[in-house]
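Listed here are the chains, written in short residue letters.
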Amino acid sequence: MAEVGEVIEGCRLPVLRRNQDNEDEWPLAEILSVKDISGRKLFYVHYIDFNKRLDEWVTHERLDLKKIQFPKKEAKTPTKNGLPGSRPGSPEREVPASAQASGKTLPIPVQITLRFNLPKEREAIPGGEPDQPLSSSSCLQPNHRSTKRKVEVVSPATPVPSETAPASVFPQNGSARRAVAAQPGRKRKSNCLGTDEDSQDSSDGIPSAPRMTGSLVSDRSHDDIVTRMKNIECIELGRHRLKPWYFSPYPQELTTLPVLYLCEFCLKYGRSLKCLQRHLTKCDLRHPPGNEIYRKGTISFFEIDGRKNKSYSQNLCLLAKCFLDHKTLYYDTDPFLFYVMTEYDCKGFHIVGYFSKEKESTEDYNVACILTLPPYQRRGYGKLLIEFSYELSKVEGKTGTPEKPLSDLGLLSYRSYWSQTILEILMGLKSESGERPQITINEISEITSIKKEDVISTLQYLNLINYYKGQYILTLSEDIVDGHERAMLKRLLRIDSKCLHFTPKDWSKRGKW
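Below is a summary of the structure that appears in this document. (Residues numbered from 1 in each chain as written. Predicted model: local features only at pLDDT ≥ 70, side-chain atom pairs only at ≥ 80, totals over all residues. Heavy atoms only, no water.)

## Quick word on the nonpolar core
Step number 1: Of all hydrophobic cores here, the largest spans 78 residues; its most connected members are Phe 301, Leu 319, Tyr 354, Phe 388, Leu 426 and Leu 459.
Step number 2: Broken down by element, the residue count for this core peaks at eight residues, all from helix 5 (residues 408-427).
Step number 3: The contacts of Phe 388, once residues within four sequence positions are left out, are Ile 293, Tyr 294, Phe 301, Tyr 339, Phe 355, Ile 495 and Leu 500.
Step number 4: Grouped together as the second largest cluster of nonpolar side chains are 14 residues, Val 7, Val 15, Val 45 and Tyr 47 included. (Core = buried A, V, L, I, M, F, W, Y, C linked by side-chain atoms within 4.5 Å. Buried < 20%, exposed > 50% of the residue type's maximum accessible area, 1.4 Å probe, protein only. Helix = DSSP H or I, 4+ residues; strand = E, 2+ residues; numbered from the N terminus. Contact = heavy atoms within 4.5 Å.)

Below, the structure written as structure tokens:
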């Protein structure tokens, strides 16, 4: 068994922790840092296959030293294929010697394409118009057997159903990307993984051109040991104390403090409670800077220009980075607008959450970052922020989608909102002259301002789409209807469009910046 003094950075071993059921477990963890406080060693551990927000400092009593795995020593960079300075191949990617000796052929990568498993007479799916109607029936008739969707693994040489011009509303290869009209003599490349909400790459693998207006997506290639560790112990914001989840680039001298004090109105940070109290005597803000564009009851939204209120915007980004791992911080906040949701009481407007968006988005993004602060989570505020972002898109006359990748909590919130919004429309359709009600993907997108790709991916996620008698139908089972009604009963907070006072600006005219 190894000694405590032998545990170094990079070691992996089981570490004792309590799970959400308050039971002890020993997941494998990696030692990221070691520090000595008053002769007692503390170890900063990252639990493998767990979210980074669970990382923590532990004592040696919680380490299972019997199963420790020491890091492999890095060899000097040798020459490879006669080229000095080239890196050796990783063990996982090198061709095994046994396979070369025996003359075996290694398996080649395959493409995974979503495809409908249709009867033979339905194999050739006729191409329809982009606005081909989808029938919506509250329950599939017993005699009408629905066609189930299955995932097939096909090799690149296997032919897949082609997209015709104009393409069908529901792409035959399961892709949620916008279908384009086919051109003579031109072949379209098929998407490898169909719908992927967390993917930002273009369908043909070619990176898109640099964006001139900026993005908040984090470039994970520059992660180092410092940014992988939480650096702030605790934040006091108004009447709440928050325990950060991730690294945030606050000044180095503040990272050693037991508590970081923030003014809840201007978000300026101080070293001590005395500094905060002295600041509050000078700070005359009782709400976020900017224009109040929505108020109903105690809920208000403020629109903040990242150029006009740069200090507040930067402080908001610093605070948000403590709870967002997939986004990075840009000190140049000029290209962004920030929409801060607050709750009002006799002391002022207290920040609940916010989302940011680009003034000009070339990719129809209506949200760059979105966050509900931990004290207000699981109370319906997250969906309220999402609903408000789409309400702004409706006023702008656009469809929108959040910037990818989404965090795990963000993806859950968006999927839930999309599902409830689309089901609300489908269940509100009324049949005419005894026939099934009809609606198109474009109509759903125009009503909700949800991008067509997100509408299609949500219908796929809910498994509502079936192919029957030459057309696509949406089948709402009793379980889905009952689950939706129960969810809507719990959703008490909604945006009232009558309380919104918002005039969109044309940001293409730089003079308005």
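Now that the structure is up, let's keep going.
## Side note on the sheet that holds strand 14 (residues 291-296)
Strand pairing in a sheet relies on backbone hydrogen bonds. The paired strands run either parallel or antiparallel.
Step number 1: Sheet architecture is open: five strands sit in the order 14-15-16-17-19, paired in antiparallel fashion. With one partner strand each, in any of the chains shown, strand 14 and strand 19 (369-372) form the two edges of the open sheet. Each neighbouring strand pair of the sheet contributes to a mean axis angle of 20°, computed without reference to strand direction.
Step number 2: By the bridge criterion, seven bridges tie strand 15 (residues 299-305) to strand 16 (residues 336-345) in an arrangement that is antiparallel. By the bridge assignment for strand 16, Ser 300 is matched with Thr 342.
Step number 3: Helix 4 (residues 381-396) rests against strand 14, strand 15, strand 16, strand 17 (348-358) and strand 19 of the sheet, and its axis sits at about 55° to strand 17. (Pairing = 2+ DSSP bridges. Axes fitted to C-alpha atoms, helices over the stretch in contact; angles between N-to-C directions.)

## Description of the side chain of Ser 445
Step number 1: Along the chain, Ser 445 falls in helix 6 (residues 441-448).
Step number 2: Apart from residues no more than four positions distant in its own chain, Ser 445 is found in contact with Thr 399, Ile 450, Lys 451, Lys 452 and Val 455.

## Describing a negative patch on the surface
Step number 1: Together, Glu 478, Asp 479, Asp 482 and Glu 485 give the surface a local cluster of negative charge.
Step number 2: Counting through the fold element by element, Asp 482 comes out in helix 8 (residues 478-490).
Step number 3: Assessed through its relative accessible area of 35%, Asp 482 is described here as partly exposed. (Patch = residues over 30% accessible without salt bridge, like charges linked within 9 Å, V, L, I, M, F, W, Y side chains within 5 Å. Areas by Shrake-Rupley, 256 points an atom, 1.4 Å probe, with all protein chains shown as cover. Salt bridge = Lys/Arg side-chain N within 4 Å of Asp/Glu carboxyl O. Lys, Arg positive; Asp, Glu negative; His and termini not counted. Charge placed at Lys NZ, Arg CZ, Asp CG, Glu CD.)

## Description of unusual backbone geometry
Step number 1: Cis peptide bonds are those with omega within 30 degrees of zero, and the linkage from Lys 404 to Pro 405 qualifies with 0°.
Step number 2: Its identity is not glycine, yet Ser 38 carries a phi of approximately 55°, on the positive side.
Step number 3: Summarising the element assignment, Ser 38 is placed in the loop between strand 4 (28-37) and strand 5 (40-47).
Step number 4: The backbone phi angle of Asn 463 is positive, close to 60°, even though this residue is not glycine.
Step number 5: With respect to the secondary-structure elements, Asn 463 resides in the loop between helix 7 (452-461) and strand 22 (465-468).

Keep in mind that these numbers describe shape and distance, not what the molecule does.
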